[in-house]
Amino acid sequence: MTILIFLASLVGGIVIGVPIAFSLLFSGMMLMFYLGGFNSQILSQNLFNGADSFSMMAIPFFVVAGDLMNRGGLTGKIVEAATALVGHIRGGLGYVAIIAILLFASLVGSAVASTAALGAILIPMMATIGYNRDRATSLIAAGNILSPIMPPSVPMIIFGVTAGVSVTDLFMGGIAPAIYITITLCIIWAIVSRHDSAIPLPRKPFREVVRATRKAVWAILMPVGLLLGLRSGMFTPTEAGVVAVVYALIIGLFVYRELTFKAIKECFIASAKASAAIMFLAAAAMVSSWLMTIGNIPRIVTDLLHPFIDSPMLLMLVIAGLVLLIGTSMDVVPTILILTPVLMPAVKQAGINPVYFGVVFIITCVFGLLTPPVGTVLNVAASTGKINMERIVRKIWPFLLAIIIVILMLIVFPSTFMLPLEFFTK
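Nothing here was measured: the structure is a model prediction, and the numbers come from that model.

Focus on the packing of aromatic side chains
Here is step 1 of the chain: Counted according to the given criterion, the structure contains 6 aromatic pairs.
Here is step 2 of the chain: Pairing F62 with F171 gives two aromatic rings, centres 6.2 Å apart and planes at 70°, and the pair type is edge-to-face. Highlighted residues: F62 in helix 4 (residues 58-71) and F171 in helix 10 (residues 167-173), separated in sequence by 109 residues. Here F62 and F171 have matching classes, each one buried.

What to know about the side chain of T384
Here is step 1 of the chain: Within the secondary structure, T384 sits in helix 19 (residues 376-384).
Here is step 2 of the chain: A distance of 2.8 Å separates a polar side-chain atom of T384 from the backbone oxygen of V380.
Here is step 3 of the chain: Setting aside residues up to four positions removed in sequence, T384 forms contacts with T115, A116, G119, A120 and I123.

A look at unusual backbone geometry
Here is step 1 of the chain: Its identity is not glycine, yet R257 carries a phi of approximately 55°, on the positive side.
Here is step 2 of the chain: Following the sequence through the fold, R257 ends up in the loop between helix 13 (237-255) and helix 14 (261-294).
Here is step 3 of the chain: On the basis of relative accessibility, which here comes to 67%, the residue R257 falls in the exposed class.
Here is step 4 of the chain: Positive phi, normally seen in glycine, also occurs at K386, with a value near 60°.
Here is step 5 of the chain: Secondary-structure assignment places K386 in the loop between helix 19 and helix 20 (389-412).
Here is step 6 of the chain: Look at K386 and you get exposed, because its relative accessible area is 69%.

Comments concerning the nonpolar core
Here is a general trend for soluble globular proteins: nonpolar side chains tend to be buried in one another's company.
Here is step 1 of the chain: Within the largest apolar cluster, 144 residues are counted, with the highest numbers of intra-cluster contacts made by I158, F159, W189, F357, F361, L370 and F399.
Here is step 2 of the chain: With 12 residues, helix 14 is the largest single contributor of residues to this core.
Here is step 3 of the chain: Other than its neighbours up to four places away in sequence, L370 contacts A141, A142, I145, G375, V377, L378, I396, L400 and I403.

As for the pattern of salt bridges
Here is step 1 of the chain: Applying the stated criterion to the full structure yields 6 salt bridges.
Here is step 2 of the chain: Between E258 and K77 there is a salt bridge, and its shortest N-O distance comes to 2.8 Å. Placement of E258 in the loop between helix 13 and helix 14 and of K77 in helix 5 (residues 74-86) is noted, with a sequence separation of 181 residues between them.
Here is step 3 of the chain: On the basis of relative accessibility, which here comes to 12%, the residue K77 falls in the buried class.
Here is step 4 of the chain: The shortest N-O distance in the salt bridge between D134 and R391 comes to 2.7 Å.

Side note on helix 4
Here is step 1 of the chain: Here helix 4 is 14 residues long and its end C-alpha atoms lie 20 Å apart, about the 20 Å a rise of 1.5 Å per residue gives.
Here is step 2 of the chain: The element helix 4 is extensively covered by neighbouring structure, given that 10 of its 14 residues are classed as buried.
Here is step 3 of the chain: The complete set of buried residues in helix 4 reads A58, I59, F62, V63, V64, A65, G66, D67, L68 and M69.
Here is step 4 of the chain: Positive phi appears at G73, one or two residues downstream of helix 4, with a value of about 95°.

Cut-off values and rules
- Residues numbered from 1 in each chain as written.
- Predicted model: local features only at pLDDT ≥ 70, side-chain atom pairs only at ≥ 80, totals over all residues.
- Heavy atoms only, no water.
- Phe/Tyr/Trp six-rings, centres within 6.5 Å; stacked < 30°, edge-to-face > 60°.
- Helix = DSSP H or I, 4+ residues; strand = E, 2+ residues; numbered from the N terminus.
- Buried < 20%, exposed > 50% of the residue type's maximum accessible area, 1.4 Å probe, protein only.
- Polar contact = N/O pair within 3.5 Å; in protein donor to acceptor, adjacent residues only side chain to side chain.
- Contact = heavy atoms within 4.5 Å.
- Core = buried A, V, L, I, M, F, W, Y, C linked by side-chain atoms within 4.5 Å.
- Salt bridge = Lys/Arg side-chain N within 4 Å of Asp/Glu carboxyl O.
- Expected span 1.5 Å × (residues − 1).

Structure (structure tokens):
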């Protein structure tokens, strides 16, 4: 009955158009009434505690840093360097897109921002020289789920805080799966791009390749420096966010000189709005999470999953299927905030490494960014590529299949595929 009341109030609020944060508050209030009466003091205290976290402070810093990097010209420099390196081979601009997305993902950490920024540059460029616009748009959309997987990653910060798992370990653990997905996307692109009549770009002279790469070095150094600092323990994820903001300001103002004070002002305003929405959502989720614990919902879910507890692989497959289903109708952050406190007791009882679970769980959550009807990245990519949803859905399925294969391989062969995770997190 407790689960029914929670789900009915949450889903009912979402269905009638109530924002998810307020739907979470409403579901928490309904649980509170059911469990013994409404108490505004408990409600406000948990609402405050939901955002009162040092690790959560990393979110606004990384959001600001990513926006500054985008406005400061780093996007163009990365695309220019990737084009100089591989633009001349068959399907070259597709590989340029994948490489640029991987690098840009390590700067931004937001799939939506990365899709909008890179899509606006690469989709018209690919369509102009003969690539199928629908397929090019699908590639940009699929590739940009790397943004929430490569560090810095806002979903990983939220999961780490909610589950009590090291954010630094999650950041390090996301690197290897992101590379696996990148390689898989390249293989799929090599197969599907053979149907395009695109003419490869002229090979760049070696001197121009060196020049383009040298210009992009400042953009590449930022994620490398952050990862080294996090890996060595020099700074925490929150401190890394501060370092990223300062670095982005210095590079944008004094090295590339494309960042203006007007752009900085617009960046701060946009980032404040985005961060406020995420933080309020986290605060509202804390209310529901606390009441779910009081109502024994995690124990009930653990009991339901008990038949799979003795088989961690089977449990992971069941959870992945559940998350993939929920992801078709709910965005990443709410999915993480709602499911993490419910699933973690079962995960711990099964003896699954919480960092490993977190990485696979987040990859599965972000898959929902590419599936209708919500499919946030899918919608942004379709808008940027000037095509409708029906056209992009027709062409994106090979890339979705590739990502599902990676998720299955991470679950079925964790000892093989998570060896890099063990290296990064030691």
